[in-house]
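Now for the letters of each chain:
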Amino acid sequence: MIAREAVLNNSEVVQLLREHFVCLAVDNADNLNLTVADKEWLKDRGGQACTQGMTVFTAGGTLLGTGGGYQPAPVKRMLEESLKKFQPETSIVVEDTGKNLIPRPPAGGLVLTVTWKVLAGAQAESSPTSGSGTYDQLFLSSLGVDRLWVRKDEAGSLATGQFPESLRRRMASHLKRVLPGGLKDDRLTLSAGRLAGSCISMQDDRAEALGFVESRDGQVTRFDLIVKGLGVRSMDHGFSAGLTVLPQGKKVPVVLSFMLADENQDISRTPPYRVRAANYLE
Amino acid sequence: MRKQTLFLVSLCLLLIDSSVGLGDDQTLSRAEFDQLHQELNLKNQAWASLPWKVTLTEARESAVKNGKPIFLVVNTGNCLGFV
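For clarity, every value in this text was computed on a predicted model and none was experimentally measured.

Draft legend 1. Representation of the sheet that holds strand β2 (residues 52-57) of chain A in the model. The strand order across the open sheet formed by five strands is β3(A)-β2(A)-β2(B)-β1(A)-β1(B), and the pairing between neighbours is mixed. If you trace the sheet from one side to the other, it starts and ends with β3 (63-67) of chain A together with β1 (52-53) of chain B, each paired once. With respect to the sheet, helix α3 (residues 56-66) of chain B is in contact with β1 (22-27) of chain A together with β1 and β2 (70-75) of chain B, its orientation differing from that of β1 of chain A by roughly 165°.

Written out as structure tokens, the structure reads:
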């Protein structure tokens, strides 16, 4: 998360990557977008990095640079030096190491991008995850990201103005970021394309939601929902982004969104964290 | 009198310092929705605008086709998603 915020949002790094590189991100723990063959192929090309790492290599497998970390300057240097070494490979045959084994969004369904952040004005309280103070502000202003998959039948229901229970249940796991202790009561209603209402937490805190659902020819063309509630400190190695550095014992305004992802972008195929659960789509 | 004032100020500070709940009258306005929509939209994050590939095979195929090297980010968790 720190690398994404500190390095991959740096304008010089972004420009270099956009113009000269094909970008790939993998998970070295649960490997949702890696097959066994992928892991083997990446073994000596950065795939075994502990916690976080960055490398550059050719399609044929020639390693050009290694690095990583949380500062943009060394990464920029690694990219520039790798480019100097790079020789395009024209005769490489790329074997398929299992791209069809990677979980894909349900056919005919939707992908929603889930994001959340702490509202401005909150104070940070450092934790070992934030470098005991070094990255507090980066965490506090960061945007947490996940995905949510919507089944074809659920998308169809949305297109006809209904908000299916199964989708509500799947969304509930994300709502915990703005509802301390989790969701107790969901009072969201979808009427005339307007999705609005309150959600009540297990601790009887309230979150307010406003959103819009639009469709055309039976297809959902817009799904935007924003929920504003309260967040509490979350110690999960930084996975909860800004919630990592919230002051202990306090409830702080946090906002959460669900937005329809662009189906034409590869990044929209990044699997949701919870897709690991066998019953995720139930 | 001064003790009373100090007590009231301390009480106010204590209340401010404790949980900041959403008041009964605090709903999400359309203007606030529009502002938050910008802040929360992944499309406004520079990293999300990059030409990411989701699988190794697709990244290698794209690298050959476009004559580019591959930049790999490895994380505990997926850097493009929940991490």
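Draft legend 2. Looking closely at helix α4 (residues 72-85) of chain A. Its 14 residues place the ends of α4 of chain A 20 Å apart at the C-alpha level, agreeing with the 20 Å of an ideal helix rising 1.5 Å per residue. Residues of α4 of chain A that are buried: Pro72, Val75, Met78, Leu79 and Ser82 of chain A. Projected down its long axis, α4 of chain A shows its buried positions confined to an angular sector of 125°, all on one face. On its buried side, α4 of chain A packs onto α1 (2-6), α2 (11-20), β2 and β3 of chain A together with β2 of chain B.

Draft legend 3. Structural detail: the domain arrangement of chain A. Residue and element names in this part refer to chain A. Splitting chain A by domain gives domain 1 (2-85) and domain 2 (110-276). Averaged C-alpha coordinates put domain 1 and domain 2 at centres separated by 28 Å. Taken together, the contact between domain 1 and domain 2 spans nine residues of the former and 13 residues of the latter. For the pair domain 1 and domain 2, the two sides together bury roughly 810 Å², of which 64% comes from carbon and sulfur. Three residues, Ile2, Glu5 and Leu32, lead the burial of domain 1 against domain 2; their summed loss comes to 62% of the area buried on that side. Between the two partners, domain 1 and domain 2, sit one salt bridge. Linking domain 1 with domain 2 are three residue pairs in polar contact (both at pLDDT 80 or more), by the criterion used here. Considering every element that reaches the side of domain 1 that touches domain 2, the biggest residue donor is α1, with four residues.

Draft legend 4. Fine view of the nonpolar core. By size, the foremost hydrophobic cluster in this structure holds 49 residues, and its most contacted members are Leu148, Leu158, Phe223, Leu225 and Phe258 of chain A. Per-element tally for this core: the top contributor is strand β4 (residues 110-118) of chain A, with six residues. Excluding anything up to four places from it in sequence, Phe223 of chain A contacts Leu112, Leu158, Met171, Leu195, Phe212, Val213, Phe258, Met259 and Leu260 of chain A. One finds Val14, Leu17 and Ala25 of chain A together with Leu80 of chain B within the second-largest nonpolar core, a separate group that totals 41 residues.

Rules and cut-offs
- Sequence order sets the numbering: in each chain, residues are counted from 1 along the sequence as written.
- Chains carry letters and ligands carry numbers; both start at the beginning, A for chains and 1 for ligands, and go up in the order they are written.
- With pLDDT at 70 or above as the cut-off, local features in this predicted model cover only qualifying residues; side-chain atom pairs require 80 or more to be listed or tallied, and sums for whole chains, interfaces and linings still use all residues.
- In computing side-chain values, all of the structure's heavy atoms are included and hydrogens and water are not.
- Paired strands, as defined in this entry, are two strands with at least two bridges between them according to DSSP.
- What counts as a helix is a DSSP run of H or I of at least four residues, what counts as a strand is a run of E of at least two, and both are numbered from the N terminus.
- It only takes one pair of heavy atoms within 4.5 Å for two residues to be counted as in contact.
- Angular values range over 0 to 180 degrees, each being the angle between N-to-C directions of two axes fitted as lines to C-alpha atoms, with helices fitted over their stretch in contact.
- One less than the number of residues in a helix, times 1.5 Å, gives the span that helix is expected to have.
- Buried residues are those whose accessible area, probed at 1.4 Å on protein chains only, stays under 20% of the maximum for their type, while exposed residues exceed 50% and partly exposed ones sit between those limits.
- The arc under discussion is defined with respect to the helix axis, by the directions toward the C-beta atoms.
- Segmentation of the chain into domains, including their bounds, is taken from an automatic or database domain assignment.
- Defined here as a combined quantity, buried area equals the accessible surface (1.4 Å probe) lost by two parts on assembly, summed across both.
- Salt bridge, as applied in this entry: a Lys or Arg side-chain nitrogen positioned within 4 Å of an Asp or Glu carboxyl oxygen.
- Here a polar contact is taken to be a pair of N or O atoms separated by no more than 3.5 Å, where protein atoms must pair a possible hydrogen donor with a possible acceptor and residues adjacent in sequence count only if both atoms sit in side chains.
- Residues belong to a common nonpolar core when they are buried Ala, Val, Leu, Ile, Met, Phe, Trp, Tyr or Cys residues joined through side-chain atoms within 4.5 Å.

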